[in-house]
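# Coordinates in review
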Amino acid sequence: VKLLKSHSIAKATKMNERANGGELAYNLTTLMMLARGKDCAAEYFDSQLISSLVNTVQWRYDPKTTVLEEDVVFWDATTTQCLQIIAQALYREEATLAKAGIKLRNLKESVFMVARPGKAPRKAIDFPSALKLVMKNGDAAAKVAAQRILGHLNDI
């Protein structure tokens, strides 16, 4: 969450706070992909984590998001992994989702606020719209995951 905030807040964040952020995000989501399905890690795949992953997708696909050129590949890979983790998390029984505190309506209505220097914060793109952009512009793995997530969100 702190990593995303350091990249999404448009305040005069020090560049050294953003250095290697995309690579770090990629490494963290890779670890999440490896931990997914492990009984000892199941409790951590809760609504807070899924919400942070949703916010990452919203931030990355927001039309006003800018990413340093050397970080684009890392953030794109991170976003694909976020989508894959979300899609996997949603393919569970209702009782399991409820136990983790994951509510589809909350994901569908997720609001991510982006700070702007000297201006009021603004809402980033909504999650369903971000998923539609992924399906249009993302890589194959991201498109499949986005399609599955959107299918779940449209069912509610």
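Residues numbered from 1 in each chain as written. Predicted model: local features only at pLDDT ≥ 70, side-chain atom pairs only at ≥ 80, totals over all residues. Heavy atoms only, no water.

## Points about helix α5 (residues 72–90)
Counting along an α-helix, one turn takes 3.6 residues, and residues three or four places apart therefore face a common direction. For α5, with 19 residues, the first-to-last C-alpha span of 27 Å sits near the 27 Å given by 1.5 Å per residue. Residues of α5 that are buried include every one of Trp75, Thr78, Thr79, Thr80, Gln81, Cys82, Leu83, Ile85, Ile86, Ala87, Ala89 and Leu90, and no others. (Helix = DSSP H or I, 4+ residues; strand = E, 2+ residues; numbered from the N terminus. Expected span 1.5 Å × (residues − 1). Buried < 20%, exposed > 50% of the residue type's maximum accessible area, 1.4 Å probe, protein only.)

## Considering a nonpolar patch on the surface
Taken together, the side chains of Leu24, Leu28, Leu31 and Leu34 define a hydrophobic patch exposed on the protein surface, amounting to about 390 Å² of accessible area. Examined against the element boundaries, Leu24 turns out to sit in helix α3 (residues 21–35). (Patch = residues over 30% accessible without salt bridge, like charges linked within 9 Å, V, L, I, M, F, W, Y side chains within 5 Å. Areas by Shrake-Rupley, 256 points an atom, 1.4 Å probe, with all protein chains shown as cover. Salt bridge = Lys/Arg side-chain N within 4 Å of Asp/Glu carboxyl O.)

## Some thoughts on the pairing of strand β1 (residues 113–116)
Relative to strand β2 (residues 119–123), β1 runs antiparallel, the two being bridged by three bridges. Its bridge partner being in β2, Met113 is matched across the sheet by Lys123. (Pairing = 2+ DSSP bridges.)

## Side note on the packing of helix α4 (residues 47–61) against α5
Geometrically, a packed helix pair is captured by the angle between its two axes and the distance between the axes. The geometry of α4 relative to α5 is characterised by a closest axis approach of 9 Å and an angle of 140° between their N-to-C directions. Viewed along their axes, α4 and α5 adopt a mutual orientation that is oblique. α5 is crossed by α4, and the crossing has left-handed handedness. Facing Ile50, Leu53, Val54, Thr56, Val57, Trp59, Arg60 and Tyr61 of α4, the residues of α5 in contact are Val72, Trp75, Asp76, Thr78, Thr79, Cys82, Leu83, Ile85, Ile86 and Ala89. In the contact of α4 with α5, the residues fall into 13 nonpolar, three polar and two charged. (Axes fitted to C-alpha atoms, helices over the stretch in contact; angles between N-to-C directions. Parallel < 35°, antiparallel > 145°, perpendicular 65-115°, else oblique. Left-handed = near helix turned anticlockwise from the far one by under 90°. Contact = heavy atoms within 4.5 Å. Nonpolar A, V, L, I, M, F, W, Y, C, P; charged D, E, K, R; others polar.)

Spatial relationships are all this shows, so hold off on functional conclusions.
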